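Listed below are the residues making up each chain.
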Amino acid sequence: MMIRPKTKRRVLFLLCCFVVVVSGFGVWYLVRTRQIKRGIDQAGANGIREFNAGEYTKALLDLSYYTSKRKDNPEALLDYAKAEMRVPEADHGQDFGKVVSALRTYQSLRPGDLEGDHLLMRVYDQIGGYTGPALSTANDILKIDPNDLPALETVAKINVDERRWAASLDAAERYTAIQPTNLSLQDHVLKMMRELGRTPQ
């Protein structure tokens, strides 16, 4: 079938319009994507700077946005978790679920990093009802540093709550051997020895 020249021109015109529109959308999408990426990166940089300056509420806002988009920056994840813990709940801080999630991601990026492990252990203890994860985190810390005092104290306290007297006494004795001035742990040792029927030396 023969196509008239006028029809050909119309088809060609429509095709050109389509190419222009698609190309324009592609350019717009590329520019917009770059703008969004710059905004995310800027929020991360601002958040870390604000955290270091002690502006924790501002840091929380920026780092919350940044870490929701980027989960491969361990420094930002750790600062976000710290900021979340330091900002009062009334100012939209203390979201423990988000803190735990951020710290677990941090652990996957920096396994064996004691700063992140200590914060996670403290968060579990503060939440309440998470004795299992807290004890597991404390034991992981002690595999790296057998003389870690916060981990030993956590193990001693959780085990006594679970009525595991021997494990609690072992951790408490290891703690007081390193830090004998902690009277609370000294008293803890005496109580555990009485529970186990042992005579204090």
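Bear in mind that the values here come from a model prediction, so they are computed numbers and not experimental data.

A. View of helix H3 (residues 74-86). Here H3 is 13 residues long and its end C-alpha atoms lie 18 Å apart, about the 18 Å a rise of 1.5 Å per residue gives. H3 sits mainly inside the fold: eleven of its 13 residues count as buried.

B. Broad picture of the pattern of salt bridges. One pass over the full model with this rule turns up eight salt bridges. Its salt-bridge partner being Asp72, residue Arg70 comes within 3.0 Å of it at the nearest N-O pair. On the basis of relative accessibility, which here comes to 27%, the residue Arg70 falls in the partly exposed class. In this structure, the salt-bridge partner of Arg174 is Asp170, at a minimum N-O distance of 3.4 Å. Highlighted residues: Arg174 and Asp170, both in helix H8 (residues 165-178), separated by four residues, approximately one helical turn. Of the residues examined, Arg174 reaches a relative accessible area of 33% and is grouped as partly exposed. For Asp170, a relative accessible area of 39% corresponds to the partly exposed category.

C. Here's a closer look at the environment of Ala83. Structurally, Ala83 can be placed in helix H3. Taking the C-alpha atoms as reference, Ala83 lies 7.2 Å from Thr57; in sequence the two are 26 residues apart.

D. A look at unusual backbone geometry. Phi at Arg163 is positive, roughly 65 degrees, even though this residue is not glycine. Along the chain, Arg163 falls in the loop between helix H7 (149-161) and H8. By relative accessible area, Arg163 is classed as exposed at 60%.

E. Representation of the packing of helix H2 (residues 56-69) against H3. Two elements in contact, H2 and H3, have axes separated by 9 Å at closest approach and are oriented at 135 degrees. Classed by the angle they form, the pair H2 and H3 counts as oblique. Here H2 runs over H3; the crossing is left-handed. Counting all contacts with H2, which are made through Tyr56, Leu60, Leu63, Ser64, Tyr66 and Thr67, the residues of H3 involved are Ala76, Leu77, Asp79, Tyr80, Ala83, Glu84 and Arg86. Within the contact of H2 with H3, the residues separate by chemical class into eight nonpolar, two polar and three charged.

Calculation notes
- Residues numbered from 1 in each chain as written.
- Predicted model: local features only at pLDDT ≥ 70, side-chain atom pairs only at ≥ 80, totals over all residues.
- Heavy atoms only, no water.
- Helix = DSSP H or I, 4+ residues; strand = E, 2+ residues; numbered from the N terminus.
- Expected span 1.5 Å × (residues − 1).
- Buried < 20%, exposed > 50% of the residue type's maximum accessible area, 1.4 Å probe, protein only.
- Salt bridge = Lys/Arg side-chain N within 4 Å of Asp/Glu carboxyl O.
- Axes fitted to C-alpha atoms, helices over the stretch in contact; angles between N-to-C directions.
- Parallel < 35°, antiparallel > 145°, perpendicular 65-115°, else oblique.
- Left-handed = near helix turned anticlockwise from the far one by under 90°.
- Contact = heavy atoms within 4.5 Å.
- Nonpolar A, V, L, I, M, F, W, Y, C, P; charged D, E, K, R; others polar.

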